[in-house]
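# Understanding the architecture of this molecule
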Amino acid sequence: MPSDCVFCRIAAGEIDGRILFQDDQATAFWDIHPVAPIHILIIPNKHIRSVNELDVEDEALIGHLFTVAGRIAREQGVAEAGYRLTINTGPNAGQSVYHIHLHLMAGKALPIHLG
Ligand code: 5GP
Ligand code: ZN
C-alpha cells in the first residue's frame, strides 16, 4: 500500500473517509467535496493507479465495484430516480487522485455534459 495514497489510507482506516461500505475487495465512502446531494466514491482496496493500469486479472474486481455501486444506489433510495457513475482517467479528464475510483453521483437531475 503506498503510504502517500489518500484512498489507500482511507481504506486502511488510517484516516477518516466517512466509510459507508467495506468488504475484502472494495471500500465506499462519501466524497469530501460533493458535487451532488449524494456523491460517493467506490474504490478497490488494491492500489491501482487508473484505468490505464488495469489488467485482465482485475476484471472481477472492477466488476465488483459496479455491483457495490448498484447496492448503494438502492440503499440510498436513488436507484429508480437515477444516478451517474464516472471514472476519470488522466489529466484531461480531471483525475486528481491516482487510485482508481468510481464516482456515484445522485440526488438531483445531473447536468448532461460531454467530456
Ligand atoms: P477525481 O478528480 O480523481 O476523479 O476524483 C477525486 C475525488 O476525490 C474528488 O471528488 C475529491 O473531492 C475526492 N477526494 C479527494 N481527497 C479526498 C479525501 O481525503 N477524502 C475524501 N472522502 N474524498 C477525497
Ligand atoms: Zn491507493
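In this text the structure is predicted, and so the values were computed from the model without any measurement. (Residues numbered from 1 in each chain as written. Chains lettered and ligands numbered in written order. Predicted model: local features only at pLDDT ≥ 70, side-chain atom pairs only at ≥ 80, totals over all residues. Heavy atoms only, no water.)

Geometrically, a metal with four donors at the corners of a regular tetrahedron has ideal angles of 109.5 degrees, and one with six donors at the corners of a regular octahedron has ideal angles of 90 or 180 degrees. Only C5 (SG), C8 (SG), H47 (ND1) and H99 (ND1) from the protein coordinate the zinc ion (ligand 2), and they sit 2.0 to 2.3 Å from it. One can describe the donor arrangement at the zinc ion (ligand 2) as tetrahedral, given that its 4 donor atoms subtend angles of 106 to 116° at the metal. Exposure remark for H47: the relative accessible area of 28% places this residue in the partly exposed category. (Donors = N, O, S within 2.8 Å, 3.2 Å for Na, K, Ca; no water. Tetrahedral: all angles 85-135°; square planar, octahedral: opposite > 155°, others 65-115°. Buried < 20%, exposed > 50% of the residue type's maximum accessible area, 1.4 Å probe, protein only.)

The phi dihedral of R18 falls on the positive side, at around 55°, and the residue is not glycine. One can find R18 in the loop between helix 1 (6–11) and strand 1 (19–22). A relative accessible area of 53% places R18 in the exposed class. (Helix = DSSP H or I, 4+ residues; strand = E, 2+ residues; numbered from the N terminus.)

Here the focus is the pairing of strand 2 (residues 26–30). Most of strand 2 is tucked away: 4 of the 5 residues are buried. Bridge analysis of strand 1 against strand 2 gives 3 bridges, and the strand direction is antiparallel. For F21, the partnering residue across the bridge sits in strand 2 and is A28. Taking the residues that link successive antiparallel strands as the turn, the strand 1-strand 2 hairpin has 3 residues. (Pairing = 2+ DSSP bridges.)

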